[in-house]
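Commentary on secondary and tertiary structure
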Amino acid sequence: MNLKYIVTMILLYTVFNVNAQTTSMWSGSGFFISSDGYIATNNHVIENGIEIFVDVFANGIKKTYKAKIIKTDPDNDLAVIKITDPNFKKLNSLPYAFKMMGISVGEKVFAMGYPQIDLQGDEVKVTDGIISSKTGFQNDNSSYQISAPIQHGNSGGPLFDNTGNLIGITSSGLTSSQNVGWAIKVTYLNNLLDLIPNFPHLPLKTTITELSFTRKIKSLSRFVVLIRVSKPNCDLKTPSELFYKINSTSSYQEISSLFKQAGDNYRTNGSGSSTIQFFKWYFCDNSETYVDCWFKNNKLILAMKSFKNEMCSSTLTDENYKLIKTGVSYTEVNNIMQSEGDKYRTDFKEDGNNIVFYRWYDCRNTDLYFEVWFMNGKVYLVRKGDDRELKRILGK
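Right, let's walk through the structure included here. Here the residue numbering is sequential within each chain, running from 1 through the sequence in written order. Whole-chain, interface and lining totals are the exception, using all residues; otherwise, since this is a predicted model, local features are given only for residues with pLDDT of at least 70 and side-chain atom pairs are given and counted only at 80 or more. Note that the side-chain values use all heavy atoms of the structure and ignore hydrogens as well as water.

1. Describing the overall build of the protein
A tally of helices and strands in the protein yields 10 helices and 21 strands. Only protein chains enter the calculation, and the probe is 1.4 Å; a residue is then buried if its accessible area is under 20% of its type maximum, exposed if over 50%, and partly exposed in between. Within the protein, the fraction of its 396 residues that count as buried is 52%. Long-range contacts, defined as pairs at least 24 residues apart, comprise 61% of the intrachain contacts of the protein with a sequence gap of at least 6. Only the protein chains shown count as cover for residues, with accessible areas throughout obtained via the Shrake-Rupley method and a probe of 1.4 Å. Here the protein has roughly 19100 Å² of accessible surface; of this, 49% comes from carbon and sulfur atoms. Numbering of helices and strands runs from the N terminus; a helix is a DSSP stretch of H or I covering at least four residues, while a strand is a stretch of E covering at least two. Two residues qualify as a contact provided that any one of their heavy atoms is within 4.5 Å of a heavy atom in the partner residue.

2. Brief notes about the nonpolar core
Generally speaking, nonpolar side chains in soluble globular proteins are found buried as a group. Nonpolar core, defined: a set of buried Ala, Val, Leu, Ile, Met, Phe, Trp, Tyr and Cys residues in which side-chain atoms within 4.5 Å join the residues together. Formed by 47 residues in total, the largest nonpolar core has its most connected members in Phe32, Ile33, Tyr96, Leu189 and Ile227. Here Leu189 is in contact with Phe31, Ile33, Ala40, Leu78, Val80, Phe98 and Ile169, once residues within four sequence places are set aside. Of all hydrophobic cores here, the second largest spans 14 residues; its members include Val328, Tyr330, Val356 and Phe374.

3. Notes on the side chain of Asp55
As for its position among the elements, Asp55 is in strand S4 (residues 51-58). Accessibility expressed as a relative area gives 1% for Asp55, which makes it buried. Distance and chemistry together define a polar contact, namely a pair of N or O atoms within 3.5 Å, with one atom able to donate a hydrogen and the other to accept it when in protein, and with adjacent residues in sequence counting only for side-chain atoms on both sides. Within the structure, Asp55 has its side chain in polar contact with the side chain of Arg228 (distance 2.9 Å).

4. Section: the pairing of strand S15 (residues 276-282)
Each regular strand shows side chains that alternate between the opposite faces of the sheet. Within S15, 5 of the 7 residues are buried, which leaves it mostly tucked inside the rest of the structure. For two strands to be treated as a pair, DSSP must find no fewer than two bridges joining them. The pairing of strand S14 (residues 264-269) with S15 spans 5 bridges and is classified as antiparallel. Opposite Asn269, over in S15, you have Ile276 as the bridge partner. Two elements, S15 and strand S16 (residues 289-296), share 7 bridges in a ladder whose sense is antiparallel. Following the sheet pairing, Gln277 is matched in S16 by Phe295.

5. Comments concerning the packing of aromatic side chains
Note on ring pairs: Phe, Tyr and Trp rings are taken, using the six-membered ring of Trp, and paired if centres are within 6.5 Å. Classes follow the plane angle, with under 30 degrees stacked, over 60 edge-to-face and the rest tilted. Counted under the stated rule, the structure contains 27 aromatic pairs. Linked through ring pairs, Tyr252, Phe259, Phe279, Trp281, Phe283 and Phe295 together constitute an aromatic cluster. We call a charge positioned over a ring when the NZ of a Lys or the CZ of an Arg lies within 6 Å of the ring centre and within 35 degrees of the ring normal. Directly above the aromatic system of Tyr290 lies the positively charged group of Lys280, at a separation of 3.9 Å from the ring centroid. For the cation-ring pair, Lys384 lies above Tyr321, with the distance from its terminal atom to the ring centre recorded as 4.7 Å.

6. A few points about unusual backbone geometry
The backbone phi angle of Gln116 is positive, close to 45°, even though this residue is not glycine. Along the chain, Gln116 falls in the loop between strand S7 (108-113) and helix H3 (117-120). In this model, Lys260 sits at a positive phi of 60°, which is unusual for a non-glycine residue. Relative to the helices and strands, Lys260 resides in the loop between helix H7 (252-259) and S14.

7. Structural notes on helix H9 (residues 330-337)
Looking only at H9, the buried set comprises Tyr330, Val333, Asn334, Ile336 and Met337. Burial along H9 is one-sided: seen end-on, the buried residues are contained in an arc of 160°. Exposed positions of H9 whose direction lies more than 90 degrees from the buried face are Thr331 and Asn335. Within two residues after H9, Gln338 carries a phi angle of roughly 60°, on the positive side. Starting at the helix axis, one direction is taken to each C-beta atom, and the arc is that of these directions.

8. Some remarks on the sheet that holds strand S10 (residues 158-161)
Taking strand neighbours around the barrel as the criterion, the 6 strands line up as S7-S8-S9-S12-S11-S10 in a closed arrangement whose pairing is antiparallel. In this sheet, adjacent strand axes meet at a mean angle of 45° when their direction is disregarded. The sheet contact formed by strand S11 (residues 166-173) and strand S12 (residues 181-185) spans 5 bridges and is antiparallel. For Gly173, the partnering residue across the bridge sits in S12 and is Gly181. Helix axes are fitted only over the stretch in contact, all axes being lines through C-alpha atoms; the angle between N-to-C directions runs from 0 to 180 degrees. Contacts between helix H4 (residues 186-193) and the sheet are confined to S11 and S12, with S12 contributing the most and set at about 40° to the helix. Sitting on the sheet, helix H5 (residues 213-221) is in contact with S7, strand S8 (125-133) and S10, with an inclination near 35° to S7.

9. Thoughts on the pattern of salt bridges
Should a side-chain nitrogen of Lys or Arg be within 4 Å of a carboxyl oxygen of Asp or Glu, the pair is scored as a salt bridge. Evaluation of the coordinates by the stated rule reveals 8 salt bridges. A salt bridge links Glu371 to Arg359, with the shortest nitrogen-to-oxygen separation between them at 2.6 Å. Pair noted here: Glu371 is in strand S20 (residues 365-375) and Arg359 is in strand S19 (residues 355-362), with a separation of 12 residues, a long-range link. For the pair formed by Glu371 and Arg359, the shared burial category is buried.

10. Some words on the side chain of Ser219
One can find Ser219 in helix H5. Accessibility expressed as a relative area gives 18% for Ser219, which makes it buried. Setting aside residues up to four positions removed in sequence, Ser219 forms contacts with Pro95 and Ile208.

11. Quick look at the pairing of S7
Of all 6 residues in S7, 5 are buried; the element is thus mostly enclosed. In this sheet, S8 lies alongside S7 in antiparallel orientation, the contact comprising 6 bridges. Note on S8: the bridge partner recorded for Lys108 is Ile130.

12. Observations concerning the environment of Ile324
Note that Ile324 resides in the loop between helix H8 (318-323) and H9. On a C-alpha basis, the gap between Ile324 and Arg383 in space is 9.9 Å, while along the polypeptide they are 59 residues apart. In this structure, Ile324 is in contact with Val333, Ile336, Met337, Phe370, Val372, Val379 and Val382, ignoring residues within four places of it in sequence.

Geometry only, nothing functional implied.
In structure tokens form, the structure reads like this:
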């Protein structure tokens, strides 16, 4: 990995351990680039995210919305996301325009963002300084070096010149110095926006130029956002892909070879022609991420996976539960839940019917979930799940 981005990740993330066995909540900063919900940030802020939340602050009130990734530029560490929540209301016109030329060394600048929210709170923070150099880390022409202090959580925040023009996106810094940071030039963000179909026109003029510095900050604050991203604590991509290589002819030995580990034998019932065996293969060093398989006379009859931190949703509401009706397709349920389900697989033929069931977990509490069973691609059973009481009874 490029050293620049190793430095970036060391410095500018803020990480909260939501569930030591499943996910962590990472935070960074961002800013609106359109009044209808498009937001710019760093790619490393949202990379590998399960779900993205945007906290918007206005008049002392925080509102949280769900967002999705629209476009990324990993090479320049940039990303564009968009608020998808139907409760989001369009903002007033942006008060800043992009300034892509005429930036000089020594020019006064200020950065805004949400650093170290676990320590400093979730009020937007402002730091100022100058353009120290027109090149960044190791003479990188895509960035400015700045003296404005930036900390964990500042990633993806805006950098403005003294008149309120947007000139960069804060991205990285040095652990050994408080006054050496880098900001990606806004030209590279503009190039990324050109790749988004039907992206709204950017403001042509900054409207806060004549305001005092404190009034500029007040005007800009409502357009700078806190981004929180739920990320898995381990690599689930590989075991998830391997899971789908299991088929009805797979033997215990073949599955163990596939996962490069022996399965734990949970149960062996019966004997002779009625022998039933149940094995589990665990991943990520925890008890909530596993594949289990049932065999009858050494023939696979059932394969399931439980990767609670692979897919989750913030839409486990009573209203959505009522919309999941008999006969609805998996795609329609995905649209209702605004995310894909975690597939607990029972897709071997049963009396000529293809049976599959999925769970949608609550990202903030994976003990809560909706479980939906499909027969031949259509919903025939829905239930709400809550493992909290079970864990209480078991003393876990």
